[in-house]
2 protein chains.
Amino acid sequence: MAANKRIPVMEIFGPTVQGEGMVIGRKTMFVRTAGCDYSCSWCDSAFTWDGSGKEDIRMLTAHETIEELEKTGGEAFGHVTISGGNPALLPQLGELIDQLHERGIGVALETQGSRWQDWFWTIDELTLSPKPPSSGMKTDWTVLDDIVDKLNEHERCFSLKTVVFDEADLEYATYVHRRYPQVPFYVQAGNGNLQETEPQRMLPYLLERYEWLIERVMPNPELKRVHVLPQLHTWVWGNKKGV
Amino acid sequence: MAANKRIPVMEIFGPTVQGEGMVIGRKTMFVRTAGCDYSCSWCDSAFTWDGSGKEDIRMLTAHETIEELEKTGGEAFGHVTISGGNPALLPQLGELIDQLHERGIGVALETQGSRWQDWFWTIDELTLSPKPPSSGMKTDWTVLDDIVDKLNEHERCFSLKTVVFDEADLEYATYVHRRYPQVPFYVQAGNGNLQETEPQRMLPYLLERYEWLIERVMPNPELKRVHVLPQLHTWVWGNKKGV
């Protein structure tokens, strides 16, 4: 098989609980791919693109990826989440998604919405998460408009999600919702405490950030049709990787 | 208007965050109705049926209920959750639901699934939450089968949810999922600490219960297509009412 059909896989783990967005709480396996076109200041998976996790990248075929999912998750899973990095950089993911579907396994995927792939149409729960000002990134609205249009044309199940750290981020989130009012929208309290290793010490901080976001969103008439969520897995596992 | 067209309303509050199940995180208003055909041992809203909240019940028309929703929530909401007690005891709710829809407002409703109402077909997100053994209640499976069949016939958006306190409850939950494998299923960690008034003191307990449930569900091959969720609002507000 040609090398470019292989997938740069950073980690495979689970089954665990999906901690974010439209699939929050779902029992799922994770496949994390390497490589990203962004470099968000607060990225919680920077090892996928900053070189620090380079040694852990393995080039797997779709079949090998599924074999490892089965070795890790046994009989206990029926859903896989593909995350990154930005998995939308990888046209070859279509084959993995098809093979999972053939086995009756549901597939969720998260991407910032900076690139289109035709396999977006086949994802069961697709989350587009444009990045707010605090990330240091710039959103290309033309690209995002095009992705949203294409998904709407095929009536796909997808949502938008924006992580919010501060007032400027919230303004950005409000703009996202105004631009795409018909798309289910999730605002998520950002975790600015990536160094803490003790989950118990993180909880009061995460709770405070979530309450801050709730207080801002509740009285806001521009944010009517929204979900406000924490990053649930950080409440349980803190910054621990691979859970 | 005839008295029997009026709704026994216990409380109206919001906008706040939906803390449970398929609508978790959704910005919503709450209408809590009085009266229940059950008396679950651990009910967190026993004041709706045990007589202790009798003074707070007001008999409101659909129109009066919406007026109060608007007075309380202003322009800031686009979604209402109807909870109880068991709102499925009230045929007259159909009118409220229709009037909310006419205003473009989405409606979620939660009931144990012990009674059918034709307005079930009009709910945007309906949660059926059959009660496990720890509640002290008995499930009438014939009634629940009938409700699930009727909802499936009309392809309605609904889910099942079971609160889990112990191993017997988890066995019950597994049975529910086995009986209705095609219905999205949510298992929720039960809150057995209804007396605690300090949210901060509750958190370690709630976290421990949620982790316990995750540990049980993750390796279980019979619980593949499930969501595992906490009662999110208790993490933020503890047992506080009206938030």
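All of these numbers come straight from a predicted model, not from anything done at the bench. (Residues numbered from 1 in each chain as written. Chains lettered and ligands numbered in written order. Predicted model: local features only at pLDDT ≥ 70, side-chain atom pairs only at ≥ 80, totals over all residues. Heavy atoms only, no water.)

Chemist: Explain the overall build of chain A residue by residue, including any values.
Modeler: A count of helices and strands for chain A gives six helices and nine strands. On C-alpha atoms alone, chain A measures out to a radius of gyration of 17 Å, which is about the 18 Å that the 2.2 N^0.38 rule sets for 243 residues. Counting only C-alpha atoms and orienting by the principal axes, one finds that chain A spans roughly 55 × 45 × 30 Å. When the 243 residues of chain A are sorted by exposure, 58% land in the buried category. Total accessible area computed for chain A in this model is approximately 9,900 Å², and 48% of it derives from carbon and sulfur atoms. If you average the places of the 24 positive and of the 35 negative side-chain charges in chain A, the two averages end up 1 Å apart. (Helix = DSSP H or I, 4+ residues; strand = E, 2+ residues; numbered from the N terminus. Rg over C-alpha atoms; globule rule 2.2 N^0.38 Å. Buried < 20%, exposed > 50% of the residue type's maximum accessible area, 1.4 Å probe, protein only. Areas by Shrake-Rupley, 256 points an atom, 1.4 Å probe, with all protein chains shown as cover. Lys, Arg positive; Asp, Glu negative; His and termini not counted. Charge placed at Lys NZ, Arg CZ, Asp CG, Glu CD.)

Chemist: Mind laying out unusual backbone geometry, listing which residues take part and the relevant values?
Modeler: Negative phi is the rule for most residues except glycine; trans is the rule for most peptide bonds. In this chain, Gly14 of chain B is followed by Pro15 of chain B through a cis amide linkage whose omega measures -5°. With respect to the secondary-structure elements, Pro15 of chain B resides in strand E1 (residues 7–17). Each neighbour pair has its own omega, and for Gly84 of chain B with Gly85 of chain B the value is 10°, a cis peptide bond. You can see Gly85 of chain B is positioned in the loop between strand E4 (79–83) and helix H2 (93–102). The phi angle at Glu155 of chain A is positive, at roughly 50°, despite the residue not being glycine. In this structure, Glu155 of chain A sits in the loop between helix H3 (141–153) and strand E7 (158–164).

Chemist: So what's going on with the sheet that holds strand E9 (residues 226–229) of chain A? Which residues, and what values?
Modeler: All names here are of chain A. Taken in spatial order, the nine strands of this open sheet run E3-E1-E2-E4-E5-E6-E7-E8-E9, and their pairing is mixed. The outermost strands of the open sheet, each flanked by one partner alone, are strand E3 (58–60) and E9. Put simply, the sheet's adjacent strands are angled 30° from each other on average, direction ignored. Two strands pair when backbone bridges link them, and strand E1 (residues 7–17) and strand E2 (residues 27–33) are joined in this way by six bridges, in the antiparallel orientation. Across the sheet, residue Val9 finds its bridge partner in E2, namely Thr33. Strands E1, E2, E3 and strand E4 (79–83) of the sheet are contacted by helix H1 (residues 62–73), whose axis makes an angle of about 30° with E1. (Pairing = 2+ DSSP bridges. Axes fitted to C-alpha atoms, helices over the stretch in contact; angles between N-to-C directions. Contact = heavy atoms within 4.5 Å.)

Chemist: Describe the packing of aromatic side chains, naming the residues involved and giving the relevant values.
Modeler: On inspection of all chains with the given rule, the structure shows 17 aromatic pairs over all chains. Centroid distance Trp116 of chain B to Phe120 of chain B: 5.0 Å. Interplanar angle 65°. Geometry classified as edge-to-face. Judged by relative accessible area, which is 0%, Phe120 of chain B ranks as buried. Note on Trp119 of chain B and Phe120 of chain B: the rings are 5.2 Å apart at their centroids and 65° apart in plane angle, and the pair reads as edge-to-face. Accessibility assignment for this pair places Trp119 of chain B and Phe120 of chain B in one class, buried. Taken together through their ring pairs, the aromatic side chains of Trp116, Trp119, Phe120 and Trp121 of chain A make up a single cluster. Arg209 of chain A extends its terminal NZ or CZ atom over the ring of Trp212 of chain A, reaching a point 4.6 Å from the ring centre. (Phe/Tyr/Trp six-rings, centres within 6.5 Å; stacked < 30°, edge-to-face > 60°. Lys NZ or Arg CZ within 6 Å of the ring centre and 35° of its normal.)

Chemist: If you had to explain the relation of the copies chain B and chain A to someone new, which residues and values would you point to?
Modeler: Superposing chain B onto chain A takes a rotation of 180° plus a shift of 0.0 Å along the axis, which leaves an RMSD of 0.0 Å. Both copies are brought into coincidence by an operation consistent with a two-fold rotation axis. A share of 100% of interface residues in chain B that are also interface residues in chain A marks the association as one of identical surfaces. (Least-squares fit on C-alpha atoms with pLDDT ≥ 70 in both.)

Chemist: Could you give an account of helix H4 (residues 167–179) of chain A, with specific residues and numbers?
Modeler: Residues and elements named next belong to chain A. Look at H4: 18 Å from first C-alpha to last across 13 residues, which is about the 18 Å you get at 1.5 Å a residue. The inward-facing, buried residues of H4 abut H3, E7, strand E8 (185–189), helix H5 (199–217) and E9. Measuring from the backbone nitrogen of Ala168 back to the side-chain oxygen at the start of H4 gives 3.2 Å, which picks out Asp166 as the cap. (Expected span 1.5 Å × (residues − 1). Polar contact = N/O pair within 3.5 Å; in protein donor to acceptor, adjacent residues only side chain to side chain.)

Chemist: Go over the pairing of strand E5 (residues 106–111) of chain B with me, naming the residues and quoting the values.
Modeler: Remember that side chains alternate between the two faces of the sheet whenever the strand is regular. Residues and elements named next belong to chain B. Of all six residues making up E5, six are buried, and the element is well covered by its neighbours. By the alternation rule, side chains of E5 split into Gly106, Ala108 and Glu110 and Val107, Leu109 and Thr111, which are all buried. Bridge analysis of E4 against E5 gives four bridges, and the strand direction is parallel. Its bridge partner lying in E5, Thr81 is registered against Ala108. For the handedness criterion, the β-α-β arrangement of E4, H2 and E5 is classed as right-handed. (Right-handed = clockwise from strand over helix to strand, strands pointing away.)

Chemist: Residues and numbers for the state of the cysteines, please.
Modeler: Within the structure shown, the criterion is met by zero disulfides over all chains. Here Cys157 of chain A stays unpaired: no disulfide links it, and the sulfur of Cys157 of chain B, its closest cysteine neighbor, is 10 Å away. The exposure class of Cys157 of chain A is partly exposed, given its relative accessible area of 39%. (Disulfide = S-S within 2.5 Å.)

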